[in-house]
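# Reading the structure
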Amino acid sequence: MSLIVTGSVGIDTVETPDGQRADEVLGGSSIYFAAGASYFTPVRLVAAVGDDFPAPMLDQFKQFDVCTDGLEQREGSKTFRWHGRYHENMNDRDTLDVQLNVLGEALPPVPDHYKDSKYIFLANTHPAGQLALLEQFPDRKLVVADTMDLWIETEPDLLKTLLSKIDGFVLNDSEAKQLTGEQNVIKAADAVLAMGPTFVIVKKGEHGAILRHKDGTGVLPAFPADQVVDPTGAGDSFASGMMGYLCAADDTSVDAIKRAMAYGTIVASYTIEKFSTDRLAEIDRATIEERVKEFATHLDIGAGI
Ligand code: AMP
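Below, the structure is looked at part by part. This is a predicted model, so every value here is computed, not measured. (Residues numbered from 1 in each chain as written. Predicted model: local features only at pLDDT ≥ 70, side-chain atom pairs only at ≥ 80, totals over all residues. Heavy atoms only, no water.)

### With respect to the site of the ligand
Going by this rule: For each residue, the test is whether any non-hydrogen atom lies within 4 Å of the molecule or strand; if one does, the residue is near. Contacts described as polar in this section are N or O atom pairs within 3.5 Å, which, within protein, must combine one atom able to donate a hydrogen with one able to accept it, while residues neighboring in sequence count only if both atoms come from side chains. Reported accessibility uses the Shrake-Rupley method at a 1.4 Å probe radius. Residues are deemed covered only where the shown protein chains occlude them. Counting from the N terminus, the helices are DSSP H or I runs at least four residues long and the strands are E runs at least two residues long. Gly is placed with the polar residues, together with every amino acid not listed as nonpolar (Ala, Val, Leu, Ile, Met, Phe, Trp, Tyr, Cys and Pro) or charged (Asp, Glu, Lys and Arg).
Taken together, 21 residues lie around the ligand, and Ser 8, Asp 12, Gly 28, Gly 233 and Asp 236 are the ones closest in. Measuring from an oxygen atom of the ligand, one finds a side-chain N or O atom of Asp 12 at 2.4 Å. Between the ligand and Asp 236, the relevant distance is 2.7 Å, taken from an oxygen atom to a side-chain nitrogen or oxygen of the residue. Contact with the protein chains removes 94% of the 510 Å² of surface that the ligand exposes when unbound. Going through the elements one at a time, α1 (29-37), β6 (80-86), α4 (149-154) and α8 (234-249) are the ones with two or more residues in the shell around the ligand. Per-element accounting of the shell around the ligand gives the leading share, three residues, to α8. Classifying every residue of the shell around the ligand by side-chain character gives nine nonpolar, nine polar and three charged.

Now the structure itself:
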């Protein structure tokens, strides 16, 4: 099974509270997603960059086994840029600058050989681009989307249309509250379900994630991490392990989603150990399995209940 993704491909500048920073590094939601998911299943990318996108960044991304036939380098356009600064808690962050550039333009054409994709991930990007990709796949089996505060604020109507067409939605707790007006995470998740999807996953950073599905509920802690260098891309990496696992297993049941969330947690736990995709480039499927097994021991509360 192949997994198709659209989302941002960006040039990031990241500052962390210990004074470290990474200037103009490879980033973007679809980059983290495609890189992580490539350890599970074939991944196809549809996204655009501008003519200013540095060749070494493309080479860095090409280390991952991802089909880039749908990645357009658009003449006369500029690449998406994001500059973020993390708070002391390494969970919250401020966006200091965001330049949408090519993200505000039309989605590139979907290559013909991508058309049999059944699993679709709409990583964080303009909801118009998310809808444009989705509508080209009438035979899809599972479509899951992510979003961010910027789009909740600027494109609420398009987001509501998107929510009525997808199976699953992933967002963080503050975004869930912003979207629904509910302060309680479970009430917020239920309010999202009322907008259309079959399931919603609310990510709570170092406190894990909650699944609210029409067929059940799941809770999962985060992997206990003491080496958090840069949390950028953690959300996209979580989605990558989750969708990669579901696509490889070709299973969309609630039990499979719960297992898939454990894989997502572990891919995210690697991403945050270095800037950009540097740590993701060092791992392989065996490394992921090793930490998933360790994580399973953390989750084991014995047979007495
Ligand atoms: P995450 O930490 O998982 O939320 O993802 C961080 C990535 O999202 C960074 O590499 C940014 O380039 C990218 N990003 C930041 N803001 C946006 C936005 N409004 N739309 C799409 N991607 C974004």
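### A word on the pattern of salt bridges
A side chain with one charge may pair with a side chain of the opposite charge, provided their charged atoms come close. We count it as follows: Between Lys or Arg on one side and Asp or Glu on the other, a salt bridge is scored when a side-chain nitrogen of the former is within 4 Å of a carboxyl oxygen of the latter.
Summed over all chains, the structure comprises 17 salt bridges. Salt bridges linked by common partners bring Glu 273, Lys 274, Arg 279, Glu 282 and Arg 291 together as one network.

### A word on the pairing of strand β11 (residues 199-203)
If a strand is regular, its side chains alternate between the two faces of the sheet. Quick reminder of the rule: We call a residue buried when its accessible area falls under 20% of the maximum for its residue type, exposed when it is over 50%, and partly exposed in between, using a 1.4 Å probe and counting protein chains only. Pairs of strands are assigned from DSSP output, requiring at least two bridges between the strands.
Taking burial as the measure, the five residues of β11 include five buried ones, the bulk of the element. Pairing analysis gives five bridges linking strand β10 (residues 168-172) to β11, with the strands arranged parallel. The residue bridging Val 170 from the neighbouring strand is Ile 201, located in β11. The pairing of β11 with strand β12 (residues 209-213) spans five bridges and is classified as antiparallel.

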